[in-house]
Amino acid sequence: MSSSCANAPHRAARTDLFNPVGSFFIAPVGINHLINRRGFALKGIVAAGASVMPSSLVSEPAQGLERLPFKSEGYNFWTWRGHKIHYVEEGEGFPIVLIHGFGASAFHWRYNIPELAKKYKVYAVDLLGFGWSEKAIIDYDALVWRDQVSDFLKEVVKEPAVLVGNSLGGFTALVTAEALQDQVIGVALLNSAGQFAKGNDEIVESEESSLQKFILKPLKEIFQRVVLGFLFWQAKQPARVESVLRSVYKNTSNVDDYLVESIIRPAADPNAGEVYYRLMTGFMMSPRKYTLDRVLSKLSCPLLLLWGDLDPWVGPAKANQIKGFYPYTSVVNLQAGHCPHDEVPELVNKALMEWLSTLPSTSSLQTV
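Residues numbered from 1 in each chain as written. Predicted model: local features only at pLDDT ≥ 70, side-chain atom pairs only at ≥ 80, totals over all residues. Heavy atoms only, no water.

**Describing the overall build of the chain**
Now for step 1: Looking only at helices and strands, the chain features 13 helices and eight strands.
Now for step 2: The 368 residues of the chain split such that 60% are buried.
Now for step 3: Contacts in the chain between residues far apart in sequence, at least 24 positions, make up 75% of those at least 6 positions apart.
Now for step 4: If you sum the accessible surface of the chain, you get close to 14,500 Å²; carbon and sulfur atoms cover 53% of it. (Helix = DSSP H or I, 4+ residues; strand = E, 2+ residues; numbered from the N terminus. Buried < 20%, exposed > 50% of the residue type's maximum accessible area, 1.4 Å probe, protein only. Contact = heavy atoms within 4.5 Å. Areas by Shrake-Rupley, 256 points an atom, 1.4 Å probe, with all protein chains shown as cover.)

**Considerations on the sheet that holds strand β5 (residues 161-166)**
Sheet strands pair by backbone hydrogen bonding; their relative direction is either parallel or antiparallel.
Now for step 1: Spatially, eight strands are ordered β1-β2-β4-β3-β5-β6-β7-β8 in an open sheet, and the strand pairing comes out mixed. Whereas interior strands pair on both sides, the edge strands pair on one side only; in this sheet they are β1 (76-80) and β8 (329-334). Taken over all neighbouring pairs, the strand axes of this sheet differ in orientation by 20° on average, direction set aside.
Now for step 2: Contacting β1, β2 (83-90), β3 (95-99), β4 (121-125), β5 and β6 (184-190), helix α3 (residues 144-157) runs over the sheet at an angle of about 115° to β1.
Now for step 3: This element, helix α4 (residues 168-179), spans β3, β5, β6 and β7 (303-308) of the sheet and lies at about 150° to β5. (Pairing = 2+ DSSP bridges. Axes fitted to C-alpha atoms, helices over the stretch in contact; angles between N-to-C directions.)

**With respect to the pattern of salt bridges**
Now for step 1: Evaluated as defined, the whole model comprises six salt bridges.
Now for step 2: A salt bridge links R81 to D147; its shortest N-O distance comes to 3.7 Å. One end of the pair, R81, is in the loop between β1 and β2; the other, D147, is in helix α3, and 66 residues separate them in sequence.
Now for step 3: Judged by its relative accessible area of 56%, R81 falls in the exposed class.
Now for step 4: Residue E115 pairs with K118 through a salt bridge whose shortest N-O separation is 3.0 Å.
Now for step 5: For E115, a relative accessible area of 26% gives the class partly exposed.
Now for step 6: A network of salt bridges, in which partner residues are shared, links R81, R146 and D147. (Salt bridge = Lys/Arg side-chain N within 4 Å of Asp/Glu carboxyl O.)

**Thoughts on the packing of aromatic side chains**
Now for step 1: Applying the stated criterion across every chain yields a total of 12 aromatic pairs.
Now for step 2: Relative to Y123, the ring of Y87 lies with its centre 6.4 Å away and its plane at 40°, an arrangement referred to as tilted. In this pair, Y87 is assigned in strand β2 and Y123 in strand β4, connecting sequence segments 36 residues apart.
Now for step 3: Judged by relative accessible area, which is 10%, Y87 ranks as buried.
Now for step 4: Classification of Y123 by relative accessible area gives buried; the value is 2%.
Now for step 5: The ring of Y75 carries K71 above its face, with NZ or CZ at 4.5 Å from the centroid.
Now for step 6: For K84, the ring lying beneath its charged end belongs to F77, and the centroid distance is 4.4 Å. (Phe/Tyr/Trp six-rings, centres within 6.5 Å; stacked < 30°, edge-to-face > 60°. Lys NZ or Arg CZ within 6 Å of the ring centre and 35° of its normal.)

**Thoughts on the nonpolar core**
Now for step 1: Membership of the largest hydrophobic core comes to 53 residues, with the highest contact counts inside it found for V97, W145, F152, L174, V187, L296 and L303.
Now for step 2: Considering each element in turn, this core owes the most residues, seven residues, to α3. (Core = buried A, V, L, I, M, F, W, Y, C linked by side-chain atoms within 4.5 Å.)

**A look at the pairing of β4**
Now for step 1: The buried count for β4 comes to five of five residues, which makes it a mostly enclosed element.
Now for step 2: Of the two faces of β4, the one lined by K121, Y123 and V125 and the one lined by V122 and A124 are each fully buried.
Now for step 3: Bridge count for β2 against β4 is four bridges, and the pairing is antiparallel. Opposite E89, over in β4, you have Y123 as the bridge partner.

**Some thoughts on the pairing of β8**
Now for step 1: Strand direction decides the pairing type here: β7 and β8, joined by six bridges, are parallel. Within the sheet, the bridge partner assigned to W307 lies in β8 and is N333.
Now for step 2: Regarding the hand of the β-α-β motif, the stretch spanning β7, helix α10 (residues 316-325) and β8 is right-handed. (Right-handed = clockwise from strand over helix to strand, strands pointing away.)

**So, the environment of V164**
Now for step 1: Assignment of secondary structure puts V164 in strand β5.
Now for step 2: For the pair V164 and A124, spaced 40 residues apart in the sequence, the C-alpha separation amounts to 9.3 Å.
Now for step 3: Leave out the neighbours within four places in its chain, and V164 touches I96, V97, L98, I99, W109, A188, L190 and L352.

**With respect to the side chain of T291**
Now for step 1: Looking at where T291 falls in the secondary structure, it is placed in the loop between α8 (272-284) and α9 (292-296).
Now for step 2: Assessed through its relative accessible area of 1%, T291 is described here as buried.
Now for step 3: The residues contacting T291, other than those within four sequence positions of it, are F171, Q195, F196 and A197.

**Brief notes about helix α12 (residues 345-357)**
Now for step 1: In a regular helix each residue adds 1.5 Å, so 13 residues correspond to 18 Å; α12 covers 18 Å between its end C-alpha atoms and thus fits that length.
Now for step 2: For α12, the complete set of buried residues consists of P345, V348, N349, A351, L352, M353, W355 and L356. (Expected span 1.5 Å × (residues − 1).)

Have a look at this one:
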């Protein structure tokens, strides 16, 4: 969550490639049309910044599950292209890499890491711009995190692995698996972001006129900064965050102080506002060639869908569509919202462990 989970439900808005369905903040309905035009429905965006949470936060573990202990200083760090990247590493055995959703961090897998680490070596990585990772002032596009996760597999994991992703992290897992097929032996998606191409999705390139380049484009950027600046301010209000979380979690008992604080504190980073702006405008300008059908048509590994059927943005119809397009898919339907791994972690852990045991490469390397 911090994930990609906490946006307020706008059921009528369509889900596009990098729709941050899963971010914890919601944009006013009236602003959605400004961004939907480029294929990015702004249902809710979380402020990206340094995740610095007070260690005094206390809440009971969900369903009696062990929870990853919170460390305000983070766990491990790796340098990627000159940027500081945070990740968690626990357990021994075949490697599993967990990838959070838009606006989230590695700690969104707080109830999954300890359980999975009993049989596997578990990594949970903070994507660039989120969590404890650096809030880099770069131009974010569809492939930034694919490249980051690909290099993480090569330089940190250093062996074949299974990728597990929620929302934006799910799509990141897919494009990474497509690009690095020799090193990814399975992908599990939890209410993944991404869209299928439509018949009229052809990209038309045209030369910019002087009017467009020197007058209209600068005015558009100014307007975008004003609008997104307001959304950024609104998105980090604690009452707003808690309200949205309660609207997206079926089991609201997991909407605790830890979760709320982990979402609002990142906005304190000095670069948070600029990262937010670049993330949003970068998504708006992302080409539509990164669609689910194009990625899935090149995929070759087993696929597991752990789907929260009560998700207000990405319902079970999308899971069925993915399975229909890519038959090498298993589906587990859950009575949960957009972030089932945090809402019903015991069910997600069980289903994931059962699926992992069916993969020959993982079952042969499990530790007892």
